[in-house]
Amino acid sequence: MKRKTSRITTIVHRDLTESVVTSLKNQGVLYYQIEAGRYPVLAKRGLWFFDFYQNHAIIDMPVSILEIICEESSENFLISMIRDAAELNIPGHGSVYSESIELISANQNFYIHSSKEIKKPIGFTGLTGIFCVLPRGSAEPIAKLLLQNGIAVPTISYGTGTGLRDRLGLLRITIPKEKEILKLIVHSSDIEHVLDFMIEVGRLDLPGRGFIFEFPVGHGLLNTKVSLEGPKQAASMDQIISALDQLYGNMEWRKKSNQFRISLRHRNYFEGVNLVLNCKEESMEFVTSALRKVGVTSSTISLKRMAHTGNTDSMFTPAREVANLLIPKKNLPEVIEVLNELEFFDEKFEGIAYTMEIPRAFSYQSKKSNQK
């Protein structure tokens, strides 16, 4: 059974996690998922007389990434509540944004949060998200360039690849399975240029380098803290950017399109569906192996924890594995059929699944694939 809902993603500095969790509990949010990640921030290094060279290093800020599934009518209330709990108007505190998803699950009513209180929309619209999976150690150079060019503040988390190339690699040399997942939100008018920039810097047009796709974002509040450099004036540049966002009421003034070099290279983008599977830990490899018979050849698995805030027992095992699969939309019915045959949504796996429309994605495509 499919049902249209919203996913609220919150990324906050680790020190603010408890404030957000307490607020979720007080407002009756029964389930949320949490994982650890990091915000890269620029920091100068070297002696003062080398400042001329602007030798920036990356400093990692530990963050918690929380996800809540809710009714569409409840998303404004949740975003307002999280903004207040984490004081997201202060640069460096974090971000919160909403996405439209289609939930496929047998235990929907237990998992979806519904609030009676209705709030007006807050945050900015006209945003698009980017999800990029890269080999371990490849995300930081891209993040550094994104920060230096003022494009966005990315979030980095970790995963494990299950594709054939992760086992064999180029020239039959094994490529490490460990992956880095880089996510960022940009103004929609900049998306084409940012995608092209990341594909080029991340060398995603080469085999075994990973994949990238854009996803629609409803509305959100975004972190503006790019650098650790101390302010030389009464306000830091991060605070000025945050104040201008609020003054204009949007992020239109921040668009970068005119500053990017327009690539002359043609990209073979494709569209599809991002299928997110969530089940008990140590079960996902069995599930993804079974999906290979319907053409699902690769996925990225990450570890998360399902937290339960109620007084009664939870319906779900806390330790979870989450897989992101990028598949053609026409293949979705047969993938769901295989999941039903496996009893993925029953007690055996305690599975939850949802989909998001992917208007544009990119990965290495062999010449044989391009000729089809």
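Residues numbered from 1 in each chain as written. Predicted model: local features only at pLDDT ≥ 70, side-chain atom pairs only at ≥ 80, totals over all residues. Heavy atoms only, no water.

Under the criterion given, the structure shown has 15 salt bridges. Between Arg7 and Glu67 there is a salt bridge, with the nearest N and O atoms lying 3.7 Å from each other. Residue Arg7 is found in strand E1 (residues 2-13), and its partner Glu67 is found in strand E3 (residues 56-70); the two are separated by 60 residues along the sequence. Of the two residues examined, Arg7 and Glu67, each falls in the buried class. Note that Glu67 and Lys304 form a salt bridge whose closest N and O atoms lie 3.3 Å from each other. Linking Glu67 in strand E3 with Lys304 in strand E11 (residues 300-308), this pair joins segments that are 237 residues apart in sequence. Taking relative accessible area as the criterion, Glu67 reaches 6% and is therefore assigned buried. Judged by relative accessible area, Lys304 falls into the buried class, the value being 11%. Taken together, the salt bridges that share partners define one network made up of Arg7, Glu35, Glu67, Glu99 and Lys304. (Salt bridge = Lys/Arg side-chain N within 4 Å of Asp/Glu carboxyl O. Helix = DSSP H or I, 4+ residues; strand = E, 2+ residues; numbered from the N terminus. Buried < 20%, exposed > 50% of the residue type's maximum accessible area, 1.4 Å probe, protein only.)

Attention now moves to the packing of helix H1 (residues 17-26) against helix H2 (residues 75-86). To characterise two packed helices, one gives the angle between the axes of the helices and the distance between these axes. Direction vectors running N to C along H1 and H2 enclose 140°, while the axes themselves pass 8 Å from each other. In terms of orientation, H1 and H2 fall into the oblique class. Viewed along their axes, H1 and H2 form a crossing whose handedness is right-handed. Between H1 and H2, the residues in contact are Ser19, Val20, Ser23 and Leu24 and Met81, Ile82, Ala85 and Ala86, respectively. Partitioned by chemical class, the residues of the contact of H1 with H2 number 6 nonpolar, 2 polar and no charged. (Axes fitted to C-alpha atoms, helices over the stretch in contact; angles between N-to-C directions. Parallel < 35°, antiparallel > 145°, perpendicular 65-115°, else oblique. Left-handed = near helix turned anticlockwise from the far one by under 90°. Contact = heavy atoms within 4.5 Å. Nonpolar A, V, L, I, M, F, W, Y, C, P; charged D, E, K, R; others polar.)

Mapped onto the secondary structure, Asn76 falls in helix H2. Filtering out sequence-adjacent residues up to four positions away, Asn76 remains in contact with Lys119, Lys120, Pro121 and His219.

Further remarks concern the environment of Pro359. Along the chain, Pro359 falls in strand E13 (residues 352-363). Counting along the chain gives 145 residues from Pro359 to Glu214, while the straight-line C-alpha distance between them is 6.8 Å. Those residues within four positions of Pro359 in sequence are excluded, and the remaining contacts are Glu214, Pro216, Phe270 and Glu271.

This part covers the confidence of the model for the chain. With 85% of its residues at a pLDDT of at least 70, the chain reaches an overall mean of 84. Mean pLDDT per element in the chain: helix H5 (residues 164-167) is the minimum at 54, and H1 is the maximum at 95. (pLDDT = per-residue confidence, 0-100.)

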